[in-house]
Amino acid sequence: MQHEVSAIWHRLPADIVNRTERCVAAGCEQQSRSGDAHLFFRADDIAVPGRNFTRLLKIFSDYRVPLCLAVVPAWLTRPRWLALKGLAQDAASRWCWHQHGWRHVNHETKGKKQEFGPTRSRADLEHDIGGGRQRLENLLGQDFYPVFTLPWNRCDQKTLDVLEDLGYAAVSRSRGSRPPASGGLASVDVNVDLHTRKEKTPAAGWQNLFDELQQAIAAGHCGIMVHHQRMNRAAFDFLDILLKTLKTQKDLELVHFKNIIDEKRCA
Ligand SMILES: [Zn+2]
């Protein structure tokens, strides 16, 4: 399958290192007046091993940065899982393997794409969510963590109800998604998009990306979405620069979902 590459990844700007450092430093400076800050990365559409996946894991391993991995249950097989797991041997606690929908297909005929949208019945949702979880629990065992990342970052209230009833710890969508999660279901949402950006020009894309990143860090909650299948050389080079820069900020806590939820439970 051919995956589209966003305009910003055609070439990195010459001053990319400086710009990244300035952006992260400015976000931290604004944030430090308002308490603790955390930052996580969520990599979507995981299941099939390959060159980009290997490279992604190596960067996070090299910088010792945690990563949430959103696994599509229907795409995963035992040999695939053993290959993925084999690349993540160095520190089991760095990786948060969790669920990304069921088959990652769109069921809506109108409007935005959704796997868990308004046309699905409660029985359909229970079947897909519960079946997906069962499959991941069987294959991943102790490595599975019950957070649900929505394909296309959206769903309706019925889905949130099913997730809560099935005992998921949290749901992950875009920051500010409606309807909001409530009750026992926490939200661990993303607010920075690296690889599915839609801007027509690289200049507009970089401006918006740096604005998003600075605001997210300043707000004390930064969730960065990664799509390894759409990454080219420039995208990997930037990820390297970003992780290196983030590691220099001691007040910024680099975490994954389980760290955030354990912290909420202790608070
Ligand atoms: Zn996805």
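Anything mentioned here points back to the structure above.
Residues numbered from 1 in each chain as written. Predicted model: local features only at pLDDT ≥ 70, side-chain atom pairs only at ≥ 80, totals over all residues. Heavy atoms only, no water.

**Q** So what about the overall build of the protein? Which residues, and what values?
**A** Within the protein, the secondary structure is distributed over eight helices and nine strands. Computed over its C-alpha atoms, the radius of gyration of the protein comes to 18 Å, within 12% of the 18 Å expected for a compact globule of 267 residues. Principal axes of the C-alpha set define a box for the protein whose edges measure 50 × 40 × 40 Å. Looking at the protein as a whole, 52% of its 267 residues are labelled buried. (Helix = DSSP H or I, 4+ residues; strand = E, 2+ residues; numbered from the N terminus. Rg over C-alpha atoms; globule rule 2.2 N^0.38 Å. Buried < 20%, exposed > 50% of the residue type's maximum accessible area, 1.4 Å probe, protein only.)

**Q** Provide a residue-level description of the coordination of the zinc ion, including the pertinent values.
**A** In this structure, Asp 45 (OD), His 100 (NE2) and His 104 (NE2) serve as the protein donors to the zinc ion, at separations of 2.1 to 2.2 Å. Taking relative accessible area as the criterion, His 104 reaches 16% and is therefore assigned buried. (Donors = N, O, S within 2.8 Å, 3.2 Å for Na, K, Ca; no water.)

**Q** Outline the pairing of strand β2 (residues 67–71), listing residues and values.
**A** Extensive coverage of β2 is indicated by the burial of five of its five residues. Side chains Leu 67, Leu 69 and Val 71 of β2 all project onto a buried face; the interleaved residues Cys 68 and Ala 70 project onto the opposite face, where all are buried too. As paired strands, strand β1 (residues 37–46) and β2 are joined by three bridges and run parallel to one another. When the sheet's bridge partners are listed, Ile 46 is paired in β2 with Val 71. Handedness of the β-α-β unit built from β1, helix α2 (residues 51–63) and β2 comes out right-handed. Pairing analysis gives five bridges linking β2 to strand β3 (residues 95–100), with the strands arranged parallel. Each residue of the ladder has a partner; that of Cys 68, found in β3, is Cys 96. Once the chain exits β2 it traverses helix α3 (residues 78–87) before rejoining the sheet at β3, and the crossover so formed is right-handed. (Pairing = 2+ DSSP bridges. Right-handed = clockwise from strand over helix to strand, strands pointing away.)

**Q** Explain a negative patch on the surface residue by residue, including any values.
**A** A cluster of like negative charges, contributed by Asp 36, Asp 251, Glu 253 and Glu 263, occupies part of the molecular surface. Looking at the secondary structure, you find Glu 253 in strand β9 (residues 252–254). (Patch = residues over 30% accessible without salt bridge, like charges linked within 9 Å, V, L, I, M, F, W, Y side chains within 5 Å. Areas by Shrake-Rupley, 256 points an atom, 1.4 Å probe, with all protein chains shown as cover. Salt bridge = Lys/Arg side-chain N within 4 Å of Asp/Glu carboxyl O. Lys, Arg positive; Asp, Glu negative; His and termini not counted. Charge placed at Lys NZ, Arg CZ, Asp CG, Glu CD.)

**Q** Describe the side chain of Asp 44, listing the residues and the values that go with them.
**A** Mapping Asp 44 onto the fold places it in strand β1. Take Asp 44: its relative accessible area is 3%, and that puts it in the buried class. Not counting residues within four places of it along the chain, the set of residues in contact with Asp 44 comprises Ala 70, His 100, Thr 149, Met 225, Val 226, His 227 and His 228. (Contact = heavy atoms within 4.5 Å.)

**Q** Any details on the nonpolar core? Residues and values, ideally.
**A** The biggest cluster of nonpolar side chains holds 56 residues, and the ones touching the most others in it are Phe 41, Trp 97, Phe 238 and Leu 246. Contacts of Leu 246, omitting those with residues within four sequence positions, involve Val 24, Leu 39, Phe 41, Ile 217, Leu 252 and Leu 254. Ranked by size, the runner-up nonpolar core spans 15 residues in total, among them Ala 170, Ala 186, Val 188 and Phe 257. (Core = buried A, V, L, I, M, F, W, Y, C linked by side-chain atoms within 4.5 Å.)

**Q** Quick one: what's the story with the packing of helix α1 (residues 16–31) against helix α7 (residues 233–247), residue by residue and with numbers?
**A** Packing of α1 against α7 leaves a shortest axis separation of 10 Å and a crossing angle of 40 degrees. Viewed along their axes, α1 and α7 adopt a mutual orientation that is oblique. As α1 packs across α7, the resulting crossing turns out to be right-handed. Touching Ile 16, Val 17, Thr 20, Glu 21 and Val 24 of α1 are Phe 238, Ile 241, Leu 242, Thr 245 and Leu 246, all from α7. (Axes fitted to C-alpha atoms, helices over the stretch in contact; angles between N-to-C directions. Parallel < 35°, antiparallel > 145°, perpendicular 65-115°, else oblique. Left-handed = near helix turned anticlockwise from the far one by under 90°.)

**Q** Give a description of the packing of aromatic side chains that names residues and reports values.
**A** In this structure the tally under the stated criterion is ten aromatic pairs. Summarising the aromatic geometry, the rings of Trp 9 and Trp 206 are spaced 5.2 Å apart at their centres and angled 75 degrees between planes, so their arrangement reads as edge-to-face. Of this pair, Trp 9 sits in the segment before α1 while Trp 206 sits in helix α6 (residues 202–219), and the two are 197 residues apart along the sequence. With 5.6 Å between their ring centres and 45 degrees between their planes, Trp 9 and Phe 238 make a pair best called tilted. Here Trp 9 is found in the segment before α1, whereas its partner Phe 238 is found in helix α7, with 229 residues between them in sequence. For Trp 9, a relative accessible area of 0% gives the class buried. Classification of Phe 238 as buried rests on a relative accessible area of 1%. Positioned over the ring face of Tyr 168 is Arg 133, at 4.7 Å from the centre of the ring. (Phe/Tyr/Trp six-rings, centres within 6.5 Å; stacked < 30°, edge-to-face > 60°. Lys NZ or Arg CZ within 6 Å of the ring centre and 35° of its normal.)

Interpretation in functional terms is not warranted from these geometric data alone.
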